[in-house]
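Remarks on the overall topology
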Number of protein chains: 2
Amino acid sequence: MKKLEENEFDLRYINKFASLMTIGNGYCGLRATHEENYADQTRGMYVAGIYNKATVNEPSELVNLPDMIGMHIEVDGETFSLQTGEVLSYSRQLNFETGELNREILWKSNSGARYRFTFQRFAAKNDLHVLGTKLTVISLDKKTQIKIVTGINAQQTNFGRQHLIEEKVRVIEGDLIQGIYKTTESGHTIALTACFTCSGENDISHSAKNRQLLSTIKQDLLTGTPFTLEKIGTIYTSLDADIMGKSPEVAGVVALRKYSLDGYDALLEKSAESWAQFWKQNRIKITSTKDFDQLAVDFSIYQIEIMTPAHDERFSVGAKGLTGEGYKGHVFWDTEMFILPFHLFTDPEKARKLLRYRYLKLEHAKAKAAANGFEGALFPWESALTGEEETPEFAAINIKTGKRQKVASAIAEHHIVADIAYTVVEYYQNTLDDAFMRKEGLELLKETSRFWISRAVEEKGQLFIKDVIGPDEYTEHVDNNAFTNYMAWYNVEQALYFMDKYGDSDRVLLERGQEFLMRLYLPKANDHKIIPQDDTFLSKPEIDLSCYKESQGSQGILMDYSRQEVNEMQILKQADVVMLLYLFPDQFPSDVVSENLDYYEEHTIHDSSLSKAIHAIVAARAGEKAKSYKFFREASLIDLGPNPSSSDEGVHAASLGAIWMATMFGFANVSIKDHRLSLKPNMPSEWTELAFPVIFRGSRLHINLTHDKAVITKVAGDDVPIELNGAEYLLTNKVEVSLQ
Amino acid sequence: MKKLEENEFDLRYINKFASLMTIGNGYCGLRATHEENYADQTRGMYVAGIYNKATVNEPSELVNLPDMIGMHIEVDGETFSLQTGEVLSYSRQLNFETGELNREILWKSNSGARYRFTFQRFAAKNDLHVLGTKLTVISLDKKTQIKIVTGINAQQTNFGRQHLIEEKVRVIEGDLIQGIYKTTESGHTIALTACFTCSGENDISHSAKNRQLLSTIKQDLLTGTPFTLEKIGTIYTSLDADIMGKSPEVAGVVALRKYSLDGYDALLEKSAESWAQFWKQNRIKITSTKDFDQLAVDFSIYQIEIMTPAHDERFSVGAKGLTGEGYKGHVFWDTEMFILPFHLFTDPEKARKLLRYRYLKLEHAKAKAAANGFEGALFPWESALTGEEETPEFAAINIKTGKRQKVASAIAEHHIVADIAYTVVEYYQNTLDDAFMRKEGLELLKETSRFWISRAVEEKGQLFIKDVIGPDEYTEHVDNNAFTNYMAWYNVEQALYFMDKYGDSDRVLLERGQEFLMRLYLPKANDHKIIPQDDTFLSKPEIDLSCYKESQGSQGILMDYSRQEVNEMQILKQADVVMLLYLFPDQFPSDVVSENLDYYEEHTIHDSSLSKAIHAIVAARAGEKAKSYKFFREASLIDLGPNPSSSDEGVHAASLGAIWMATMFGFANVSIKDHRLSLKPNMPSEWTELAFPVIFRGSRLHINLTHDKAVITKVAGDDVPIELNGAEYLLTNKVEVSLQ
């Protein structure tokens, strides 16, 4: 399996790699910052669900917890830093297979002595509360002394915003250190506990000052004899306590007492077993002329796994996962539309939990709808732990005017309501989970439908959805956004379908729904086969976007034009109509698909990281292999490309989900059609083989594609109906079809 | 004049020099952190009086304000840092004469090109709100590009505690940047404003994100042609607004518009003129075999000047001045006993303001007395802006027990009451300021007397002061601490004296005071001529302290013994009795002085930075020249010595005051005796000349001492009575006396 590698110490990339090489397990994420301090290095450890408002007027944000990784290391009285002395060799690897981050350095100190340092760490996958770190130092040239200062450092902030009160710092029974912290507004308690094991005799002392609880370890270093320091840590919060019935303080100590004797290597082995199991059930294997493609997909799957809090349905996935503070850890439509599909096709129980998250917050969505004068449920554009709208009311201050602009998304970016409904239906189509659908699913569909019915306005005998923002945020406050209208229609249609299926007798809703379906205006392709993005889009002036496309993702257009000016031109951040084509592949004829893909791509800067991979899917399905592969590769570079600061504040979670989606829904062209799992592969010419597992209706399948042949094997579960390039089969054991 | 110099870039000293080389003006203090970032470098900018509680349970602390100094500099695409490339030469100087900090570096980048950097900065002494910085860069080897990112960075915290809400960040009229911040609890507004001037054409852009308002300046760098960037800043707060009647926001812009055209050099010149005037009136000139002595005294005077908020009597001097966050910027007895004397003898108006600070907080002191069951005024052990007791109720958590110990100082370290009263009398003795004494002075003396009278308890017909802590904090909760009892007696005696002088008719207080003076127990020297520090001290066991004295200042004894154990031995942090001998030089016969100095010194570790210089004074007066000079030198090394982390959290303000005091009250042996300014010099053998200005009764004198001769000249003012080695004179013009 591929590893993500960094073979040079380059400070310009320090925060990018800190995000990319995050270790985690869905419970916590730990940025891959170096043990030793560097100026401008942004440390970060986050626990899913632990949000807080720094002050009343600020939105909740994912709390950057006290650091347990930092180490001040002195050998022979000299501070270890890659900025001093000479780095003779450097290599860092994130091993997807084991979940371990590993760094090896051969360092020559200023005084000329050479030392070999190995740093290892992992966040356990089998027990989500456990962090393991291990340092190995070998002095190659001389007998000397090593001194290490490390502990729990609560000076961490979210870019200056402090969310935690240091309630208590302790040394317990002489060998455990523990810090207890409380969030200032949300009132969560976090217990961080750690213990140390060293090779040989050593001298440990502890101290606490200025929000740091530090242990100092001193030991003699013999020439050529490895010195090892293991630091095992645990994280428990009051959110866990709700489930465990044990205080975080006690749980942290109990767990550490249990694990500390095992030692780093044994704990890593157990965690790596869980990872092995995960990969066995989830890996996509690609044979490509470009090795990078395999890395990109492995990386995506690894990241989706560590960002998803599958252990607790009270939380969902933030826009940067648990890798950084971008978007304050908030949950957007990204989760349902870009992250959830992976889980749905590999471990549907996780998909169910993500939908349960929305279900649990229905009351707040209904309250938001009511507050805005609508019926049903209006889900917040940005969501966190409580389910209240977390979108900041005002954007960052405009430094030229000194004024803050109202953020329009929370007011008008209503498509999220239908996105959630769409995903509910997707979930059912794969799982046929009637238990969920009867209760949570139906309620979600009905409440979201109620919203759309009340949201539409009558004009000229038709129903219009006016003043919305579609996914394309460069076009605001428009009427009859095609994406929104089609999605709303589907939302209501599916609600009625399932109401009927389960015998729901809400006649009022049924009638209003039918009326809505009959009268809602759905923009149709014009004479040039172009579906208008909204009522006015196609009449707006066009400009040459090529220079902005060259630096896509940077939002450079906003340096040259105001938002208002951008709004008045045919300029797209991402293409709503292409997204629509992706979601309803059978709704539009192939010439319409091709024309719209071309037209809208020309007007799209791809400043949204959600854009490229969706284009890849639609292009692949349209048989435009070269184009789709190009989009796929470019999407892969959003995080993994050479831009040194593209991912400083975290990875692009949705984009990573979309890379998996491009592989599955584009190149393999998997979909669920008339209750069958359908494949209609469009593999890039550069690929010779694509193999992947799929779960469909609870059965575990394995699919192997080459340009010549498709082999679908049932690994476990009941027989399932499948469709391959239009031909139907019942998969009892294996179906092998020539694709030539 | 001496400069404080650093001639090597050594990261171990980075925070020490940041404290020592602080620039300031009593309004603000700006730590001497480097423009470029280094891990573990603690930036700090403080404004006198701006305190805040980070959370309700924490004490107020001096707020670390947003940083205006930090700069990210790139030349030829390479980030400037002394940790990379090669430092060909480095020199940094704090110029006491001009108040400017100057750094010159010849740097070779990793790519081999050489650049000369000059960084300059000052805090204006003529207009306290103005900061000037200037960067000059010369590319020596090639034509290239420079990029600088700098602005206002509100990610600063007090070791992780965030005190400020970022209310507004602005670019005003395209060229000024301004950040408006508000403290979370105390509600102060702070406006930081800055503008830039560059040599030549340049490209400036501005951005705001994550509590940073940043300006990016890009320019071509020609070979050999200096590029300069001037950044002028202003600081205004709502505390200023109380006086100016103008909002900080407006004031900051108006001032900057006024000053920015002048440019750095002209602004520096004006500020340096104020410094020149200051030194003319305050400098002590020492001719010594050790050049360091002059540096130590210049440094002390510089620091005392920049730590004293002479502009506003609502504040006083914190234990670290405005140089760091140690002791949270709180005001202790240090101010009256160690800082104020300098002002009293050089600019008595500043001394008056510092006493006014106490007077303004009398209501809180009376409330504290009442809350503790006493009458009169019990001043807080630690004070900040409001005058309430700011001593944390509990000490830092004991990490072994997990418990917090109550801090005893606020409960029992009552001598501060008498220290303030003592200083009121000192102030009067120099100034004969009847206006102050009739009103503020008398009220302070009366209320402090009331406290002592109510504080004493009757036992065996005598009055005892029980359960106190003297200045020596290694001995807690003792009865009849000699220092406290003598000081309380003097407090009441002086109150009665001035009541009589001004015809105060409070008969009750007069009678109770007389009774107190008659009956208060004053510990007398025993058969061995030793004055017992308290009732039990001399009966406690002794141990050999030599190893602890070797690392004095480190409180190493507390690593080997608990506080309770230390309390039960004859172990002193600083010697109360020696302090007593210093304050009442005529009260004890010379043999008692010598015996006590020796006895207590043997039992004193000098873990308090207030200790050494007081020993120097008492030894000097006792004629023990070698010993007193040794103490003086050791006191000078508390901040200026080689310990790399002695001053990380700020300079030792009281110790610096005491260095001036040792010179004046020890070596020159200046005192006021029977309304005369008395001198009885005891210059060290290493010194050949000591010359200094003095203000006495409003007259400006100049004193020049050699071992042979004393010359006292009246520079300005009325004739004043003086005394030289016991002989009395009326100084009309000049008095010259042989000392042989």
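Residues numbered from 1 in each chain as written. Chains lettered and ligands numbered in written order. Predicted model: local features only at pLDDT ≥ 70, side-chain atom pairs only at ≥ 80, totals over all residues. Heavy atoms only, no water.

Okay, the interface of chain B and chain A next. With 35 residues of chain B at the contact, the number on the chain A side is 35 residues. Looking at the side of chain B facing chain A, the largest losses of area belong to Gln83(B), Phe159(B) and Ile399(B), adding up to 21% of the total buried there. At the boundary of chain B and chain A, one finds two salt bridges. Between Glu649(A) and Lys209(B) there is a salt bridge, and its shortest N-O distance comes to 2.9 Å. Of all the secondary structure elements, the ones that give two or more residues to the side of chain B that touches chain A are strand 14 (164-172) and strand 17 (203-209) of chain B. No other element matches strand 14 of chain B, which puts seven residues into the side of chain B that touches chain A. Residues that form the side of chain B that touches chain A fall into these classes: 10 nonpolar, 14 polar and 11 charged. (Contact = heavy atoms within 4.5 Å. Buried area = accessible area lost by both parts, 1.4 Å probe. Salt bridge = Lys/Arg side-chain N within 4 Å of Asp/Glu carboxyl O. Helix = DSSP H or I, 4+ residues; strand = E, 2+ residues; numbered from the N terminus. Nonpolar A, V, L, I, M, F, W, Y, C, P; charged D, E, K, R; others polar.)

Here the focus is the pairing of strand 17 of chain B. All names here are of chain B. Relative to strand 18 (residues 212-221), strand 17 runs antiparallel, the two sharing seven bridges. Counted as the bridge partner of Ser-207 is Leu-214 from strand 18. Remark: two residues form the turn of the hairpin made by strand 17 and strand 18, two consecutive strands paired antiparallel; Asn-210 in that turn has positive phi of roughly 50°. (Pairing = 2+ DSSP bridges.)

Residues and elements named next belong to chain A. Applying the stated criterion across every chain yields a total of 104 salt bridges over all chains. One salt bridge in this structure joins Lys-328 and Glu-61, with 3.4 Å as the shortest N-O distance. You can see Lys-328 sitting in the loop between helix 5 (291-307) and helix 6 (334-346) and its partner Glu-61 sitting in strand 6 (residues 61-62), a full 267 residues away along the chain. On the basis of relative accessibility, which here comes to 22%, the residue Lys-328 falls in the partly exposed class. On the basis of relative accessibility, which here comes to 1%, the residue Glu-61 falls in the buried class. (Buried < 20%, exposed > 50% of the residue type's maximum accessible area, 1.4 Å probe, protein only.)

The subject of this paragraph is the relation of the copies chain B and chain A. Relative to chain A, chain B is turned by 180° and slid 0.0 Å along the rotation axis, the superposed coordinates differing by an RMSD of 0.0 Å. On this basis, the relationship between the two copies can be described by a two-fold rotation axis. Measuring from the rotation axis to each C-alpha of chain B, the shortest distance belongs to Ala39(B), at 2.1 Å. (Least-squares fit on C-alpha atoms with pLDDT ≥ 70 in both.)

The next subject is the domain arrangement of chain A. Residues and elements named next belong to chain A. Under the domain assignment used here, chain A contains domain 1 (3-282) and domain 2 (296-667). With centres defined by C-alpha atoms, the gap from domain 1 to domain 2 works out at 37 Å. With 45 residues of domain 1 at the interface, the matching set in domain 2 holds 42 residues. Summed over both partners, the interface of domain 1 with domain 2 buries about 3,500 Å², with 61% contributed by carbon and sulfur atoms. Looking only at domain 1, the three residues that lose the most surface to domain 2 are Lys-16, Leu-20 and Tyr-51, adding up to 17% of its buried area. For the interface between domain 1 and domain 2, the tally reads three salt bridges. For Glu-305, the salt bridge identified is with Lys-125, shortest N-O distance 2.5 Å. Run the count over domain 1 and domain 2 and you get 26 residue pairs in polar contact (both at pLDDT 80 or more). Contributing elements (two or more residues each) for the side of domain 1 that touches domain 2: helix 1 (14-20), strand 2 (23-24), strand 3 (28-30), strand 4 (45-47), strand 6, helix 2 (238-244) and helix 4 (263-282). For the side of domain 1 that touches domain 2, a count of residues per class yields 22 nonpolar, 15 polar and eight charged. (Domains from an automatic or database assignment. Polar contact = N/O pair within 3.5 Å; in protein donor to acceptor, adjacent residues only side chain to side chain.)

All names here are of chain B. The sheet built from four strands is open, its strands ordered 25-26-30-31 with mixed pairing. With one partner strand each, in any of the chains shown, strand 25 (670-673) and strand 31 (727-731) form the two edges of the open sheet. Each strand axis lies, on average, 30° off the axis of its neighbour in the sheet, ignoring direction. Where strand 25 lies against strand 26 (residues 676-679), four bridges are found, and the strand directions are antiparallel. Opposite Ser-671, over in strand 26, you have Ser-678 as the bridge partner. (Axes fitted to C-alpha atoms, helices over the stretch in contact; angles between N-to-C directions.)

Our next topic: the nonpolar core. Leu677(B) and Phe692(B) are the most contacted members of the largest nonpolar core, which has 215 residues in total. Once residues lying within four places of it in the same chain are set aside, the contact partners of Leu677(B) are Phe345(B), Val670(B), Ser671(B), Ile672(B), Val694(B), Phe696(B), Leu701(B), Ile703(B), Pro721(B), Ile722(B) and Glu723(B). Tyr13(A), Trp275(A), Ile304(A) and Ala616(A) belong to the second-largest nonpolar core, a separate cluster that totals 214 residues. (Core = buried A, V, L, I, M, F, W, Y, C linked by side-chain atoms within 4.5 Å.)

To continue, consider the state of the cysteines. Taken as a whole and assessed by the stated rule, the structure comprises zero disulfides over all chains. Left without a disulfide partner, Cys198(A) is nearest to the cysteine sulfur of Cys195(A), which lies 11 Å away. (Disulfide = S-S within 2.5 Å.)

Moving on, we come to the UniProt feature "domain: Glycoside hydrolase family 65 N-terminal" (unreviewed entry) in chain A. The UniProt record marks residues 6-238 of chain A with the feature "domain: Glycoside hydrolase family 65 N-terminal" (unreviewed entry), using the residue numbering of this structure. Annotation note: span residues 6-238 of chain A, helix share 3%, strand share 53%, distance between end C-alpha atoms 37 Å. (UniProt positions renumbered as here; feature names shortened; annotations may be inferred.)

Moving on to the environment of Lys460(B). Residue placement: Lys460(B) occurs in the loop between strand 23 (457-459) and strand 24 (462-464). With 367 residues separating them along the chain, Lys460(B) and Gln93(B) place their C-alpha atoms 62 Å apart.

Looking now at the sheet that holds strand 29 (residues 709-716) of chain B. Residues and elements named next belong to chain B. Spatially, the five strands line up as an open sheet ordered 20-27-28-29-32, and their pairing is antiparallel. Only two strands of the sheet have a single partner each, and these edge strands are strand 20 (285-288) and strand 32 (734-738). The mean inter-strand angle of the sheet, taken between neighbouring strand axes irrespective of direction, is 10°. Examined bridge by bridge, strand 27 (residues 687-696) and strand 28 (residues 699-706) share eight bridges and lie antiparallel to one another. Paired with Val-694 across the strands is Leu-701, a residue of strand 28. Set on the sheet, helix 5 (residues 291-307) makes contact with strand 20 and strand 27; between it and strand 20 the angle comes to about 160°.

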